[in-house]
Amino acid sequence: MNAKPIGVFDSGYGGLTILEEFRRKLPQYDYLYLGDNARTPYGNRSFELVNQFTLEAVQYLFRQGCRLVILACNTASAKALRNIQQQYLPGLEHNSRVLGILRPTAEALGLLTKSRHVGLVGTQGTVQSGSYPIEIHKLFPDIQLESEACPMWVPLVENGEHNSPGASYFVKKDLDRLFERDPLIDTLVLACTHYPLLMHQIRRHSPPEVQIITQGKLVADSLDDYLIRHPEIEELCSKGGSCRYLTTEAEDKFQEMASVFSLTSIKAQQVHLNSL
Ligand code: DGL
């Protein structure tokens, strides 16, 4: 059997914040990161397009031999994961898995909130999909979830404006709306892989007693647990401690911007997915 890297997919750079935690927690594995930077952001795209783009990315990673792919993107997980798991994977001849990042986030919440009032910020696509309330209420029907779509946050980060007065304005505006709707929120989930870069602004504009949850560590712990529980998938993942980066955009552009998201220096290779 030919073991291959774990595939990690994001619409762009955001998934690098998740990949970093995978490499910290599970450094023994090889990883293959794919960012669909040419078509990012996914956040305000239609259900059909997010489905199509995500499926193309998964198929590409499967063609590279990956047998386990993580959708390190909330928008893709919220809109495309279920279709991929229910309609695409059963027809494959190889034993392959695609996992998302909503479930591990939902699982962690139940232990973190005391007031049982949780706030969630994400892209328009993630919030409008309604996938988070479904996942959370399956596990914790008592949690009251209040969500706010923050369409400006990803473009601010993508344009390197995350420390600017403009970022402060939009973060305050969106968070004020959220906390006004439910002042009992004690836990705020950053349900977008770009948002950890806005942490400074988010902390500043949230009530001090509110705990702010990022996903990287939660998702890495969950992957660790998954690999222990599924030795038949674990043995398909190669262990050389390497990481390769693929992008649908120009390589130099990816490398320059990736340094904002990751501590390591990144060399990427440009690839073309089906419909590009
Ligand atoms: N990485 C995506 C997420 O976590 C946000 C970026 C986008 O809109 O494509 O939701």
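Everything that follows concerns the structure shown earlier in this document.
In this text, all values refer to a predicted model and were calculated from it rather than measured experimentally.

Quick look at the pairing of strand β3 (residues 68–71)
Neither face of β3 is exposed, since Leu 68 and Ile 70 on one face and Val 69 and Leu 71 on the opposite face are all buried. Pairing analysis gives three bridges linking strand β1 (residues 6–10) to β3, with the strands arranged parallel. Its bridge partner lying in β3, Phe 9 is registered against Leu 71. With helix α3 (residues 74–88) bridging β3 and the parallel strand β4 (residues 97–99), this β-α-β connection has right-handed handedness.

Some words on the packing of helix α1 (residues 16–25) against helix α12 (residues 251–261)
As a packed pair, α1 and α12 sit with axes 9 Å apart at the nearest point and diverge in direction by 65°. The two elements α1 and α12 meet at a crossing, and its hand is right-handed. The segment α1 lies against α12, with Leu 16, Thr 17 and Glu 20 engaging Phe 254, Ala 258 and Phe 261.

A word on the layout of surface pockets
Counted as a void, the largest pocket has a volume near 720 Å³. Elements with a contribution of two residues or more to the lining of the largest pocket: α3, α4 (102–112), α6 (131–139) and α10 (216–229). Partitioned by chemical class, the residues of the lining of the largest pocket number 14 nonpolar, seven polar and nine charged. Put simply, the second largest pocket is a space of about 280 Å³. Thr 17, Glu 20, Glu 21, Pro 196 and Phe 261 are the residues nearest the centre of the second largest pocket, which is lined by 19 residues in total. Those elements that place two or more of their residues in the lining of the second largest pocket are α1, α10 and α12. A class-by-class count of the residues in the lining of the second largest pocket yields eight nonpolar, seven polar and four charged.

Calculation notes
Residues numbered from 1 in each chain as written. Predicted model: local features only at pLDDT ≥ 70, side-chain atom pairs only at ≥ 80, totals over all residues. Heavy atoms only, no water. Buried < 20%, exposed > 50% of the residue type's maximum accessible area, 1.4 Å probe, protein only. Helix = DSSP H or I, 4+ residues; strand = E, 2+ residues; numbered from the N terminus. Pairing = 2+ DSSP bridges. Right-handed = clockwise from strand over helix to strand, strands pointing away. Axes fitted to C-alpha atoms, helices over the stretch in contact; angles between N-to-C directions. Left-handed = near helix turned anticlockwise from the far one by under 90°. Contact = heavy atoms within 4.5 Å. 1 Å grid on protein atoms, 1.4 Å probe; cavity = no way out; pocket = protein on both sides within 12 Å on 5 of 7 lines; lining within 4 Å. Points joined across faces, edges and corners; volume = space filled by probe spheres on them. Nonpolar A, V, L, I, M, F, W, Y, C, P; charged D, E, K, R; others polar.

Interpretation in functional terms is not warranted from these geometric data alone.
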